[in-house]
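Residue-level structural notes
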Amino acid sequence: MSRKTELDPYVLDVLMRDLVGHDHAPSAFLVYLWLWGKTDGGRRRFAASLAGIALETGLSKSSVQNAVRQLTRRRQLLAVTHDGPTTPPVYEVLKPWVRA
């Protein structure tokens with residue numbers, strides 16, 4: 001089944017250039033884009049393991065781990081919570097450029 005996800009123009013116009021060109025982190029952009037789709041543009045949270053994200057994006061698990069680190073710590077574009085030691089992390093896509 002095909003599903004459409006609306007992409008904020010900022011993601012392609014600014015964020016792609018910042019992550020891929022400036023930060024040299026194309027994997028971070030790919031992970032952000034994949035999570036954007038899974039969370040309906042940040043409207044809901046999504047649980048996924050690093051291995052699951054790697055499988056879905058075609059990246060290595062270590063690349064996904066580095067991308068998540070980049071997106072959470074440096075860029076603050078993701079929030080990650082852990083509901084328990086045996087459950088996968090829950091990701092929330094953040095959009096700091098949107099004023100509430």
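Just above sits the structure.
Note that the structure is predicted; figures quoted are calculated from it, not measured.

The subject of this paragraph is unusual backbone geometry. Look at H24: it is not a glycine, yet its phi comes out positive at around 55 degrees. Tracing the backbone through its elements, the reader meets H24 in the loop between α1 (9-22) and α2 (26-38). Given the relative accessible area of 65%, H24 is considered exposed. Phi is positive for Q76, close to 55 degrees, though the residue is something other than glycine. Mapped onto the secondary structure, Q76 falls in the loop between α4 (61-74) and β2 (78-81). Accessibility expressed as a relative area gives 54% for Q76, which makes it exposed.

With that settled, the discussion passes to α4. Helix length check: α4 (14 residues) gives 19 Å between terminal C-alpha atoms against 20 Å at 1.5 Å per residue, within 8%. Elements that come into contact with the buried residues of α4 comprise α1, α2, α3 (50-57), β2 and β3 (90-93). Looking one or two residues past α4, Q76 carries a phi angle of roughly 55 degrees, positive in sign.

Our focus in this paragraph is the pattern of salt bridges. Applying the stated rule across the entire model yields four salt bridges. Taking the shortest distance from any N to any O, the salt bridge between D18 and R75 comes out at 3.8 Å. Taken together, the residues D18 in helix α1 and R75 in the loop between α4 and β2 connect sequence positions 57 residues apart. Overall, the relative accessible area of 24% leaves D18 in the partly exposed class. Between R44 and D40 there is a salt bridge; the shortest N-O distance is 3.1 Å. Residue classification places D40 among the partly exposed residues on the basis of a relative accessible area of 24%.

Turning next to the packing of aromatic side chains. Following the criterion strictly, the structure yields three aromatic pairs and no others. Each ring, one from Y10 and one from W97, has its centre 4.3 Å from the other, and the planes form 20 degrees; the classification is stacked. In this pair, Y10 sits in helix α1 while W97 sits in the segment after β3, placing the two residues 87 residues apart along the sequence. Aromatic side chains W34 and F46 sit 5.8 Å apart centroid to centroid with 80 degrees between the ring planes, which places their arrangement in the edge-to-face category. A residue pair is termed long-range when its members are at least 10 positions apart, and W34 in helix α2 and F46 in strand β1 (residues 46-47) qualify at twelve residues. Classification of F46 as partly exposed rests on a relative accessible area of 22%.

Reading guide: rules and limits
- Numbers given to residues run from 1 along each chain, matching the order in which its sequence is written.
- Totals for whole chains, interfaces and linings use every residue, but because this is a predicted model, local features are given only for residues with pLDDT of at least 70 and side-chain atom pairs only at 80 or more, for both listing and counting.
- Derived side-chain values reflect all non-hydrogen atoms in the structure, with water molecules and hydrogen atoms excluded from consideration.
- Put simply, DSSP marks the helices as runs of H or I at least four residues long and the strands as runs of E at least two long, and each gets a number from the N terminus on.
- Between buried and exposed lies partly exposed: a residue is buried under 20% and exposed over 50% of the maximum accessible area for its type, with that area taken using a 1.4 Å probe on protein chains only.
- Helix span is expected to be 1.5 Å times the residue number reduced by one.
- What makes two residues a contact is simply this: any of their non-hydrogen atoms within 4.5 Å.
- Any carboxyl oxygen of Asp or Glu within 4 Å of a side-chain nitrogen of Lys or Arg constitutes a salt bridge here.
- The aromatic pairing rule takes the rings of Phe, Tyr and Trp, using the six-membered ring of Trp, and pairs them if the centres are within 6.5 Å, calling planes under 30 degrees apart stacked, those over 60 edge-to-face and the rest tilted.

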